[in-house]
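Chain and residue survey
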Amino acid sequence: MTTVLISGASVAGPALAYWLQRYGYTTTVVERAPAPRPGGYAVDFRGASMKVLDRMGILDEVRARATDMGAITYVNEQGKRVASTPPSAFSGELEILRGDLVEILYTRTADTVEYLFSDSIASLTDDGSGVDVVFESGLTRRFDLVIGADGQHSNVRRLAFGPESSYAHDLGYYVSVSTVANHLDLDRTGQILNVPGKTVGAYSARNNTEAKALFYFTAKDKLDYDRRDTESQKTIIDEQFAGIGWEVPTLLAGMRQAPDFYFDSITQIKLDSYSRGRIALVGDAGYCASSLSGMGTSLAIVGAYVLAGELHAAGGDHVRAFEQYDARMKGFVAACQKLALEGAMWFIPGSKWFMKLRNLTLRMMPYLPWRKVIEEAPLKAGNAIELTTYAVSSSEGLPVRPAAPRR
C-alpha cells in the first residue's frame, strides 16, 4: 500500500488527501497549527474547479455556505459612489469563506486520513525508494511520497527544491485581511476606496454578521519583517494607511482587534517542474498565482484532483504521474498567473488619472461592445484545462485507516 505524507491542512492538502484515500492510498497530513484554521477571506471558484467540486460530491455543501455576494462599490474619501463592479468580478461562479471550505474538506477526510496537528517537517531524505521524514516533534517516519501543500512559503519546497528566493516573483504589492465588525451595515456587498498605490475596503460575511477588512498597498522595495510577528505587521498597515479618509480609521481600529489577521506579500511562485524525485508540490506551494488572480483556490482544488488522478492512472508510478501532472497543469497555471498580472493595475491603480480611467471604464461597461470579453476573462482562465476522468473501481475508494505512528 502506497503511503503519502502531505504537508499542509488548508485547502490543497485535504483536497489531495480526499482523492488519494479514494484511490486506496494510506495518507497522512501534517499541519503546524493545532487544528484546522478558521477565518480567512472569501475564496471563489470558476470553470474547471466547479466540476471538481461536483466530482468530490461537495458542490451542494459549498453552495449552501456561499457568500451570495452582490456588486462591489468603489467610493471616494467622502464616501461617494464613483463606480461599481458586477458580482462575478469578485465572487466568480461560487464564493465561500476559506475557513468554511477548510471545515468541509477536513470533515470529509478526518475519519479516513491521519492528521498530525501541531507539528511540521524538519528534514526530508529521498533515497530513491522512499522518503525518510523527521518531524519537529522528534517523530520519524518513512513514506513512499511526500507532497508539499503548505502554501506560498512552503517548507517542503524549501527543503526539497531550495530557497524561496529562487522561485518567488514579487508583484510589488502587500495585502492584509482581517475580520471586523460590519459597521457599514453591508448587505452581501462591499465598498472599496482607492488612493494612488493603495486599496482599502470591506465586504460583509456570515450573513452580514461580520465583515472582512482588506488592505492592499504598493511597495517599491521588499519589506523586511518577521512573518510570525503579527503586531509588527499591523504596525505596517497602520503606517501605510494613516491619514486616509472615509472609514479607514475605523477599519484600522477593527484590524487591530481582529480575532484573525493575515498579512503577506503578493507573490507568484514559478517552477520548471512541480516535483523532485519522490517529492511534489500542489497549490500555492507549487504555483501560487496570488490573491490578485482570484484563482488560487481553483488552482489548489484542480491541482489536487489532477495530481491524485495521475498517480492513480499511472498505477503508482510516481515518475510518470509527476510528468503528466506537470504537463496538464502548466497551461492552466500560466493562464491564472497572467490574470493576476493583468488585474493588478485595475484593482490597485498607481495614479489618480488611472483611477479616473478605471472608474469611467466601469461605469461605461454595460455599454461597451467588448464588455463580454472583459467580463469572461476570469472564466476563460478557469477553463484553461481539460479535466480527465480518473475512474475508481468498485474495490477502490474504501476508507483506509492510517498505519500507527512509528518512532
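So, how was this worked out
- Residues numbered from 1 in each chain as written.
- Predicted model: local features only at pLDDT ≥ 70, side-chain atom pairs only at ≥ 80, totals over all residues.
- Heavy atoms only, no water.
- Helix = DSSP H or I, 4+ residues; strand = E, 2+ residues; numbered from the N terminus.
- Rg over C-alpha atoms; globule rule 2.2 N^0.38 Å.
- Buried < 20%, exposed > 50% of the residue type's maximum accessible area, 1.4 Å probe, protein only.
- Lys, Arg positive; Asp, Glu negative; His and termini not counted.
- Charge placed at Lys NZ, Arg CZ, Asp CG, Glu CD.
- Pairing = 2+ DSSP bridges.
- Contact = heavy atoms within 4.5 Å.
- Axes fitted to C-alpha atoms, helices over the stretch in contact; angles between N-to-C directions.
- Salt bridge = Lys/Arg side-chain N within 4 Å of Asp/Glu carboxyl O.
- Expected span 1.5 Å × (residues − 1).
- Arc of directions from axis to C-beta.
- Phe/Tyr/Trp six-rings, centres within 6.5 Å; stacked < 30°, edge-to-face > 60°.

**Considerations on the overall build of the protein**
A count of helical and extended segments in the protein gives 14 helices and 18 strands. Computed over C-alpha atoms, the radius of gyration of the protein comes to 21 Å, within 12% of the 22 Å expected from 2.2 N^0.38 for 407 residues, which places it in the range of a compact globule. For the protein, the C-alpha atoms occupy an extent of roughly 65 × 45 × 40 Å along the three principal directions. Looking at the protein as a whole, 54% of its 407 residues qualify as buried. The positive charge centre, built from 43 side chains, and the negative charge centre, built from 46, are 4 Å apart in the protein.

**Notes on the pairing of strand 13 (residues 190-195)**
Where burial is concerned, most of strand 13 is hidden: 5 out of the 6 residues are buried. Here strand 4 (residues 72-75) runs beside strand 13; their pairing, made up of 4 bridges, is parallel. Each residue of the ladder has a partner; that of valine 75, found in strand 13, is leucine 193. Inspection of the sheet shows strand 13 paired to strand 14 (residues 198-205) by 6 bridges, in the antiparallel sense. When the bridges of strand 14 are listed, glycine 190 appears paired with tyrosine 203.

**Here's the deal with the environment of isoleucine 72**
Looking at where isoleucine 72 falls in the secondary structure, it is placed in strand 4. On the basis of relative accessibility, which here comes to 7%, the residue isoleucine 72 falls in the buried class. In this structure, the C-alpha to C-alpha distance between isoleucine 72 and valine 113, residues 41 residues apart in sequence, is 39 Å. Contact partners of isoleucine 72, with chain neighbours within four places excluded, come to Ala83, Ser84, Thr85, Phe90, Thr189, Gly190 and Ile192.

**Some details on the sheet that holds strand 1 (residues 3-7)**
Strands sit in the order 7-2-1-11-18-17 across an open sheet of 6 strands; the sheet is mixed. Two strands in the sheet have a free side with no partner beyond their single neighbour: strand 7 (114-117) and strand 17 (275-276). Note: strand 1 against strand 2 (residues 26-31), 5 bridges, orientation parallel. Looking across to strand 2, one finds that isoleucine 6 is bridged to valine 29. Sheet contacts for helix 1 (residues 12-22): strand 1, strand 2, strand 7 and strand 11 (145-148); angle to strand 1, the most-contacted strand, approximately 165°.

**Here we look at the pattern of salt bridges**
By the definition in use, this model includes 21 salt bridges. For lysine 222, the salt bridge goes to aspartate 170, with nearest N and O atoms at 3.0 Å. Of this pair, lysine 222 sits in the loop between strand 15 (210-218) and helix 7 (230-241) while aspartate 170 sits in strand 12 (residues 168-180), and the two are 52 residues apart along the sequence. Judged by its relative accessible area of 39%, aspartate 170 is partly exposed.

**Let's talk about helix 12 (residues 352-364)**
Its 13 residues place the ends of helix 12 18 Å apart at the C-alpha level, agreeing with the 18 Å of an ideal helix rising 1.5 Å per residue. Along helix 12, the positions that sit buried rather than exposed are Phe354, Met355, Arg358, Asn359, Thr361 and Leu362. Summarising the axial view, the buried residues of helix 12 lie within an arc of 160°, below the 170-degree limit, and thus occupy one face. Exposed and oriented more than 90 degrees from the buried face of helix 12 are Lys352, Trp353 and Lys356. Its buried side turned inward, helix 12 meets strand 4, strand 5 (81-85), strand 13 and helix 11 (318-347).

**Some details on helix 7**
The end-to-end C-alpha distance of helix 7, which contains 12 residues, comes to 17 Å, matching closely the 16 Å that a straight helix rising 1.5 Å per residue would cover. Those residues of helix 7 that sit buried are Gln233, Lys234, Ile236, Ile237 and Phe241. The buried residues of helix 7 occupy an angular sector of 150° when the element is viewed end-on, so they sit on one face.

**Here's the deal with the environment of aspartate 185**
Tracing the sequence through the fold places aspartate 185 in the loop between strand 12 and strand 13. Separated by 41 residues in the primary sequence, aspartate 185 and aspartate 144 place their C-alpha atoms 52 Å from one another.

**Examining the packing of aromatic side chains**
Scanning all chains against the criterion turns up 20 aromatic pairs. Pairing phenylalanine 215 with phenylalanine 241 gives two aromatic rings, centres 5.1 Å apart and planes at 65°, and the pair type is edge-to-face. Of this pair, phenylalanine 215 sits in strand 15 while phenylalanine 241 sits in helix 7; the two residues are 26 residues apart in sequence, bridging distant segments of the chain. Comparing phenylalanine 215 with phenylalanine 241 shows no difference in burial state: the two are buried. Three or more aromatic residues joined by ring pairs make a cluster, and in this case those are Tyr174, Phe215, Phe217, Tyr225, Phe241 and Phe263.

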